[in-house]
Amino acid sequence: MEKVVFTTKTKKLEVNQDIVRMKEKQKGTLSIKFKSPDKSEIEEIIEFFESLTDMEPLTMNIADTGEIKAYFRGTSSLDTIKEGERTLHTYEATIQELIE
């Protein structure tokens, strides 16, 4: 299973790529949405991102394609949605790519 890995100076979070969706909000600003039926998986993601401070540097590596340097910008709250019979938990983080 391919992973998306987020790393700061002191922490690391590995997430299965299949629960991650990314969307560019504006040039260089990425909205990263996590969606999973496993609430504990989402809670681990929330714990990682909520421990960060605004503008804290981090890197993101999607399936070992190389590190993307960025700054943490913020999060949304945990949400629960229904998709057919399934209950899914969603959470969103926003990062700003570091343009060098």
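It should be noted that the structure appears before, not after, this text.
These lines cover the structure that appears in this document, whether it is placed above or below.

Rules used throughout
Residues numbered from 1 in each chain as written. Predicted model: local features only at pLDDT ≥ 70, side-chain atom pairs only at ≥ 80, totals over all residues. Heavy atoms only, no water. Helix = DSSP H or I, 4+ residues; strand = E, 2+ residues; numbered from the N terminus. Rg over C-alpha atoms; globule rule 2.2 N^0.38 Å. Buried < 20%, exposed > 50% of the residue type's maximum accessible area, 1.4 Å probe, protein only. Contact = heavy atoms within 4.5 Å. Phe/Tyr/Trp six-rings, centres within 6.5 Å; stacked < 30°, edge-to-face > 60°.

Looking only at helices and strands, the protein features one helix and eight strands. From first element to last, N terminus to C terminus, the protein shows the α and β order β-β-β-β-α-β-β-β-β. Computed over its C-alpha atoms, the radius of gyration of the protein comes to 13 Å, within 12% of the 13 Å expected for a compact globule of 100 residues. Structurally, the protein occupies a C-alpha span of about 45 × 25 × 25 Å along its principal axes. Classification of the 100 residues of the protein by burial places 36% in the buried group. When contacts within the protein are restricted to residue pairs at least 6 apart in sequence, long-range pairs at least 24 apart make up 50% of them.

Turning to the packing of aromatic side chains, a few remarks are in order. Tallied over the entire structure, the rule returns five aromatic pairs. Summarising the aromatic geometry, the rings of Phe-6 and Phe-34 are spaced 6.0 Å apart at their centres and angled 65° between planes, so their arrangement reads as edge-to-face. With Phe-6 in strand β1 (residues 3–7) and Phe-34 in strand β4 (residues 29–36), this residue pair connects regions lying 28 residues apart in the sequence. In this structure Phe-34 comes out as buried when scored by relative accessible area, which is 0%.

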